[in-house]
Amino acid sequence: MDIQYNIITIKEKIKAAAERAGRQNEKIEIVAVTKTVSPERIQEAYQAGLKNFGENRVQEWQQKKDFLPADCKWHIIGRLQTNKVKYLDKSVVLIHSLDRFSLLEKLQAEGEKRQIIWQTLVQVNVAQDEAKAGLAVEEVKDFVETVKSYSHVRVLGLMTIGALDASPEETRGFFRQLREIKEELIRKGISQREELPHLSMGMSQDYELAVEEGATLVRIGSSIFGHRN
Ligand SMILES: *Cc1c(COP(=O)(O)O)cnc(C)c1O
């Protein structure tokens, strides 16, 4: 498993997908998903040029981050328990999984206390999968509106996980829907376009589709580091 080779291949596929959709390739960033991956192997991805890394579990992240360069940009991509917020710090550039009011309140309290303004994405359950986290589509507008009155939390866009058993066409539909929700927030004046630069969607299975549908952040694990057992 050659990590550097995998990254080159993924970048080529992203570029091709962006071209198909008439998009600028520079607007798309890879978040390398490093859950269960050792610091040594993360370092290889770093040396191959990646700077953005995504972890699901705060505890696992804490154990690994000190073995990695200080300019790594960390993304929290999994369900974030409120009692773990106190362990986050300024090296967390984006929380992709803001999915409930209690987490919003906790981030605000912790942000005020420690002078951190958290950058977040609102996670949306577009697939309406009961097993998945995320706000229901019809809750997003009110939630994004609510966050505006919180001084230490910013919403920079939306995130979704598709559905595991979905066909490529269904998956494309979910990604398109996420983009449309963002467009609606802008159209209704809830957010300005420049306030919502990001759509985090697409994983190893489906990142090319996601790029075609407007992803700015793709979260890729197994295609970079190999399959987890
Ligand atoms: C694990 C994970 C990914 C990456 O999945 P791969 O299929 O390994 O690319 C992306 N997003 C989330 C939220 C994940 O938990």
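What counts as what
- Residues numbered from 1 in each chain as written.
- Predicted model: local features only at pLDDT ≥ 70, side-chain atom pairs only at ≥ 80, totals over all residues.
- Heavy atoms only, no water.
- Core = buried A, V, L, I, M, F, W, Y, C linked by side-chain atoms within 4.5 Å.
- Buried < 20%, exposed > 50% of the residue type's maximum accessible area, 1.4 Å probe, protein only.
- Contact = heavy atoms within 4.5 Å.
- Patch = residues over 30% accessible without salt bridge, like charges linked within 9 Å, V, L, I, M, F, W, Y side chains within 5 Å.
- Areas by Shrake-Rupley, 256 points an atom, 1.4 Å probe, with all protein chains shown as cover.
- Salt bridge = Lys/Arg side-chain N within 4 Å of Asp/Glu carboxyl O.
- Lys, Arg positive; Asp, Glu negative; His and termini not counted.
- Charge placed at Lys NZ, Arg CZ, Asp CG, Glu CD.
- Helix = DSSP H or I, 4+ residues; strand = E, 2+ residues; numbered from the N terminus.
- Pairing = 2+ DSSP bridges.
- Phe/Tyr/Trp six-rings, centres within 6.5 Å; stacked < 30°, edge-to-face > 60°.
- Lys NZ or Arg CZ within 6 Å of the ring centre and 35° of its normal.
- Axes fitted to C-alpha atoms, helices over the stretch in contact; angles between N-to-C directions.
- Parallel < 35°, antiparallel > 145°, perpendicular 65-115°, else oblique.
- Left-handed = near helix turned anticlockwise from the far one by under 90°.
- Nonpolar A, V, L, I, M, F, W, Y, C, P; charged D, E, K, R; others polar.
- Polar contact = N/O pair within 3.5 Å; in protein donor to acceptor, adjacent residues only side chain to side chain.

Chemist: What exactly am I supposed to notice about the nonpolar core here?
Modeler: Within soluble globular proteins, side chains that are nonpolar generally end up buried alongside one another. Counting 67 residues, the largest nonpolar core has Phe53, Leu88, Val122, Leu158 and Ile224 as the members making the most contacts within it. Setting aside residues up to four positions removed in sequence, Val122 forms contacts with Leu98, Leu135, Phe143, Val144, Val155, Gly157, Leu158 and Met159. Core analysis: the second largest hydrophobic core is formed by six residues, Leu94, Leu121, Leu156 and Leu217 among them.

Chemist: How do you make sense of a negative patch on the surface when you look at a structure like this?
Modeler: Taken together, Glu138, Glu139, Asp142 and Glu145 make up a surface patch of like negative charges. With respect to the helices, strands and loops of the structure, Glu145 is situated in helix H5 (residues 140-147).

Chemist: What should I look at first to understand the pairing of strand S4 (residues 92-98) in this one?
Modeler: Successive side chains on a regular strand alternate, one facing one side of the sheet and the next facing the other. Across the seven residues that make up S4, a large majority, six, are buried. Here strand S3 (residues 73-76) runs beside S4; their pairing, made up of three bridges, is parallel. In the sheet register, Ile76 faces S4, and the bridge partner there is Ile95. As paired strands, S4 and strand S5 (residues 118-123) are joined by two bridges and run parallel to one another.

Chemist: What should I look at first to understand the side chain of Thr34 in this one?
Modeler: Following the sequence through the fold, Thr34 ends up in the loop between strand S1 (29-33) and helix H2 (39-47). Filtering out sequence-adjacent residues up to four positions away, Thr34 remains in contact with Ile42, Phe53, Gly54, Glu55, Glu60, Lys64, Trp74 and Phe225.

Chemist: What exactly am I supposed to notice about the packing of aromatic side chains here?
Modeler: Given two aromatic rings, their pairing is described by the distance between the two centres and the angle made by the two planes. In the structure shown here, the tally under the stated rule is three aromatic pairs. On the basis of an interplanar angle of 70° and a centroid distance of 6.5 Å, the ring pair of Trp61 and Trp74 is categorised as edge-to-face. Taken together, the positions of Trp61 in helix H3 (residues 58-65) and Trp74 in strand S3 put the pair 13 residues apart, joining distant regions of the chain. Accessibility classification places Trp61 together with Trp74 in one group, the buried group. Seen in terms of ring centroids, Phe101 and Tyr150 are 6.4 Å apart; in terms of plane orientation they differ by 90°. Their pairing is edge-to-face. With a gap of 49 residues between them, Phe101 in helix H4 (residues 101-114) and Tyr150 in the loop between H5 and strand S6 (153-159) connect regions that are remote in the sequence. Using a relative accessible area of 44% as the deciding quantity, one classes Phe101 as partly exposed. Tyr150 gets classed as buried once you look at its relative accessible area, which sits at 13%. Taken together, the ring pairs in this structure connect Phe53, Trp61 and Trp74 into an aromatic cluster. The cationic tip of Lys51 hangs over the ring face of Tyr46; the distance from NZ or CZ to the ring centre is 4.5 Å.

Chemist: Could you clarify how one ought to interpret the packing of H5 against helix H6 (residues 168-187) in this entry?
Modeler: The relative placement of two packed helices comes down to the angle between their axes together with the axis-to-axis distance. In the contact formed by H5 and H6, the axes pass within 11 Å of each other and the chain directions differ by 55°. What the angle tells us is that H5 and H6 run oblique. The interaxial crossing formed by H5 with H6 has right-handed handedness. Note on element contacts: H6 touches H5 through Ile181, Glu184 and Leu185, opposite Val140, Lys141 and Val144. Of the residues contributing to the contact of H5 with H6, the split by class is four nonpolar, no polar and two charged.

Chemist: What am I meant to see in the side chain of Asn52 here?
Modeler: Note that Asn52 resides in strand S2 (residues 52-55). Polar contacts involving the side chain of Asn52 include one to the side chain of Glu29, which spans 2.9 Å. Only 2.8 Å separates the side chain of Asn52 from the side chain of His75, close enough to count as a polar contact. In contact with Asn52, not counting residues within four places along its chain, are Glu29, Ile30, Val31, Ala32, Lys73, His75 and Val93.

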